[in-house]
Amino acid sequence: MKIFLIFIIVIGIIIGGIIVLQKSDNTKISSQILPIANTSTQASVDTSSILNENKPAPEFVGITKWLNPEKSLTRQSLKGKVVLIDFWTNQCINCIHTLPYVTKWYDKYKNQGFVVIGVHTPELAYERTVGSVEQAIATYGIHYPVALDNDYATWKAYDNQYWPAAYLIDKKGVIRRTHFGEGEYDETEQAIQTLLKE
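About the cut-offs
- Throughout this document, residue positions are counted from 1 along each chain, in the order its sequence is written.
- Per-residue local features are limited, in this predicted model, to residues with pLDDT of at least 70; the limit for side-chain atom pairs, both in listing and counting, is 80 or more; totals at the level of whole chains, interfaces and linings are taken over all residues.
- Note that the side-chain values use all heavy atoms of the structure and ignore hydrogens as well as water.
- Here the term buried applies to any residue with accessible area under 20% of the maximum for its type, exposed to any over 50%, and partly exposed to those in between, with areas from a 1.4 Å probe on protein chains only.
- Helical segments are the DSSP runs of H or I of at least four residues, strand segments are the runs of E of at least two, and each set is numbered from the N terminus.
- Paired strands, as defined in this entry, are two strands with at least two bridges between them according to DSSP.
- Definition used for salt bridges: Asp or Glu carboxyl oxygen within 4 Å of a side-chain nitrogen of Lys or Arg.
- Aromatic contacts are taken between Phe, Tyr and Trp rings whose centres are within 6.5 Å, Trp giving its six-membered ring; a plane angle under 30 degrees counts as stacked, one over 60 as edge-to-face, and the others as tilted.

A short note on the pairing of strand β4 (residues 114-120)
- A large share of β4 lies buried, amounting to 7 of its 7 residues.
- Side chains of β4 alternate between two faces, with Phe114, Val116, Gly118 and His120 and Val115, Ile117 and Val119 buried alike.
- Across 7 bridges, strand β3 (residues 82-88) lies against β4 in parallel orientation. Note that in β4 the partner of Val82 across the bridge is Phe114.

Brief notes about the pattern of salt bridges
- Taken as a whole and assessed by the stated rule, the structure comprises 5 salt bridges.
- The closest approach of N and O atoms between Lys108 and Glu189, which form a salt bridge, is 2.8 Å. Within this pair, whereas Lys108 is found in helix α2 (residues 93-109), its partner Glu189 is found in helix α5 (residues 185-197), the two being separated by 81 residues in sequence.
- Assessed through its relative accessible area of 23%, Lys108 is described here as partly exposed.
- Residue Glu189 is classed as buried on the basis of its relative accessible area, which comes to 1%.
- A salt bridge links Glu198 to Arg176; the nearest nitrogen and oxygen atoms lie 2.9 Å apart. With Glu198 in the segment after α5 and Arg176 in strand β7 (residues 174-180), this residue pair connects regions lying 22 residues apart in the sequence.
- Using a relative accessible area of 49% as the deciding quantity, one classes Glu198 as partly exposed.

Notes on the packing of aromatic side chains
- Under the definition given, this model contains 15 aromatic pairs.
- Ring plane angle 80° and centroid distance 5.7 Å describe the contact between Phe87 and Tyr167, whose orientation is recorded as edge-to-face. With Phe87 in strand β3 and Tyr167 in strand β6 (residues 165-169), this pair connects stretches of sequence that are 80 residues apart. For the pair formed by Phe87 and Tyr167, the shared burial category is buried.
- Taking the centre distance of 3.6 Å and the plane angle of 5° together, the rings of Tyr101 and Tyr185 count as stacked. Taken together, the residues Tyr101 in helix α2 and Tyr185 in helix α5 connect sequence positions 84 residues apart. This pair shows no difference in class: Tyr101 is buried, exactly as Tyr185 is.

Purely geometric stuff here, so don't read any function into it on its own.
Take a look at the structure:
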């Protein structure tokens, strides 16, 4: 009886260990960012599923302050660049989860004509202060421009309804991809790479 009980306990430990290892491996795989594509050996890629939008991008309106740098940007000043507009707020956990991807894309592609504009549109009253946004910028290592949209003017111009929300704009100023919430990191990076090649 003791041997049978020990045998059952050992089997339980082994199965539990396998489950923990599988979950750990899946987490590592899903948190990776795509490498820069090697275009010399890749076949043509169907982009119809990743480029899901086609409408002119609105202008930034009602911005109360710009951070990183502290100068106003316009859609016109960004023509010729691929731009990711990232609507976020500093206490939204889903926004916080996306920031490592957004900052990594900015670092990876900024020298190829890629710009990220973080449009901080507060959900809660205490998120409206410049200090709370500056603290979030420092905490999350954000070094791309951030526009403070406290009155929701740019949010409304984009007809946005979600945090986080990503609008990927091509070099001509046309929104070519939208994504709301977390996830689809690989698809968004593929869309960035595709638009940079256009």
